[in-house]
Amino acid sequence: MILMNYYQVKLTENLSAHKKAFLWLALVWTTIVTVFCLINFNELPTVKVDNFDKLGHMTFHFGLTILWFLYYKFQKENTSRRSLIKAFLFSFFYGTAIELIQTFFTDTRSGDVFDEIANMIGSLIAILVMILIMKRNNAKTL
């Protein structure tokens, strides 16, 4: 009985440590995305690649979705499916908010529907990757 309680305590401590680590990673990544989406790039050299900014949006939201999924996954009440939905919704509403902020509150940036579409594509790719990884690892909680 004592040994069983010991392992339950250790498991809880490990989950708590993972939850905190993923929260910090998700918050740092969200801050980085926010800064890159709101700063003025007019003084920086430009990259001459078609739709390079859309690739950036997809990459940002791919990382955002995965990190928030991992944070949500380590909450006691969340299943993998619920965590995926929460991560996607966070990415969607966050991306929409950033586009609205760019449109109404910055002089050097403008909101773009195609940026929002790129955000959603990045988020959906992240979800598909996570589903494939979980299926590969025989995660039956979906």
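Before any of the text, the structure's been laid out above.
Let us look at the structure shown here. (Residues numbered from 1 in each chain as written. Predicted model: local features only at pLDDT ≥ 70, side-chain atom pairs only at ≥ 80, totals over all residues. Heavy atoms only, no water.)

**Overview of the overall build of the protein**
At step 1: Helices and strands together make up the secondary structure of the protein, namely 4 helices and 0 strands.
At step 2: Shown N-terminal to C-terminal, the secondary structure of the protein runs as helices and strands in the order α-α-α-α.
At step 3: Restricting the contact set of the protein to residue pairs at least 6 apart, pairs at least 24 apart contribute 75%. (Helix = DSSP H or I, 4+ residues; strand = E, 2+ residues; numbered from the N terminus. Contact = heavy atoms within 4.5 Å.)

**Focus on the packing of aromatic side chains**
At step 1: If you walk through the whole model with that rule in mind, you get 9 aromatic pairs.
At step 2: Considering the side-chain rings of Phe36 and Phe60, the 5.9 Å spacing of their centres and the 40 degrees angle between planes classify their relative orientation as tilted. Of this pair, Phe36 sits in helix 1 (residues 2–38) while Phe60 sits in helix 2 (residues 52–73), placing them 24 residues apart in sequence.
At step 3: Taking the relative accessible area as the measure of exposure, Phe36 reaches 40% and is therefore partly exposed.
At step 4: By relative accessible area, Phe60 is classed as buried at 17%.
At step 5: Ring plane angle 5 degrees and centroid distance 5.8 Å describe the contact between Phe90 and Tyr94, whose orientation is recorded as stacked. Of this pair, Phe90 and Tyr94 both sit in helix 3 (residues 80–105), 4 residues apart, which is roughly one turn of the helix.
At step 6: Its relative accessible area of 13% is what places Tyr94 among the buried residues.
At step 7: Ring-pair connections join several aromatic residues into one group, and the members of that group are Trp68, Tyr71, Tyr72, Phe90 and Tyr94.
At step 8: Geometry around Tyr72 places Lys86 over its ring, the cationic atom sitting 5.6 Å from the centre. (Phe/Tyr/Trp six-rings, centres within 6.5 Å; stacked < 30°, edge-to-face > 60°. Buried < 20%, exposed > 50% of the residue type's maximum accessible area, 1.4 Å probe, protein only. Lys NZ or Arg CZ within 6 Å of the ring centre and 35° of its normal.)

**A word on helix 3**
At step 1: With 26 residues, helix 3 should reach 38 Å at 1.5 Å per residue; the first-to-last C-alpha distance of 36 Å fits that figure.
At step 2: Those residues of helix 3 that sit buried are Ser80, Ser83, Leu84, Ala87, Phe88, Ser91, Tyr94, Gly95, Ile98, Glu99 and Gln102. (Expected span 1.5 Å × (residues − 1).)

**Here's the deal with the side chain of Gln102**
At step 1: Structurally, the position occupied by Gln102 is in helix 3.
At step 2: For Gln102, the side chain forms a polar contact with the main-chain oxygen of Cys37, separated by 2.5 Å.
At step 3: Other than its neighbours up to four places away in sequence, Gln102 contacts Cys37, Leu38, Arg109, Ser110 and Gly111. (Polar contact = N/O pair within 3.5 Å; in protein donor to acceptor, adjacent residues only side chain to side chain.)

**Let's talk about the side chain of Ser123**
At step 1: As for its position among the elements, Ser123 is in helix 4 (residues 113–136).
At step 2: With residues near it in sequence (within four places) discarded, Ser123 still touches His61, Phe62, Thr65, Phe88 and Ser91.

**With respect to the packing of helix 2 against helix 4**
At step 1: Axis separation between helix 2 and helix 4 bottoms out at 7 Å; the angle between their running directions is 45 degrees. Judged by the angle between their axes, helix 2 and helix 4 are oblique. Note on packing geometry: the crossing formed by helix 2 with helix 4 is right-handed.
At step 2: Classifying every residue of the contact of helix 2 with helix 4 gives 14 nonpolar, 6 polar and 3 charged. (Axes fitted to C-alpha atoms, helices over the stretch in contact; angles between N-to-C directions. Parallel < 35°, antiparallel > 145°, perpendicular 65-115°, else oblique. Left-handed = near helix turned anticlockwise from the far one by under 90°. Nonpolar A, V, L, I, M, F, W, Y, C, P; charged D, E, K, R; others polar.)

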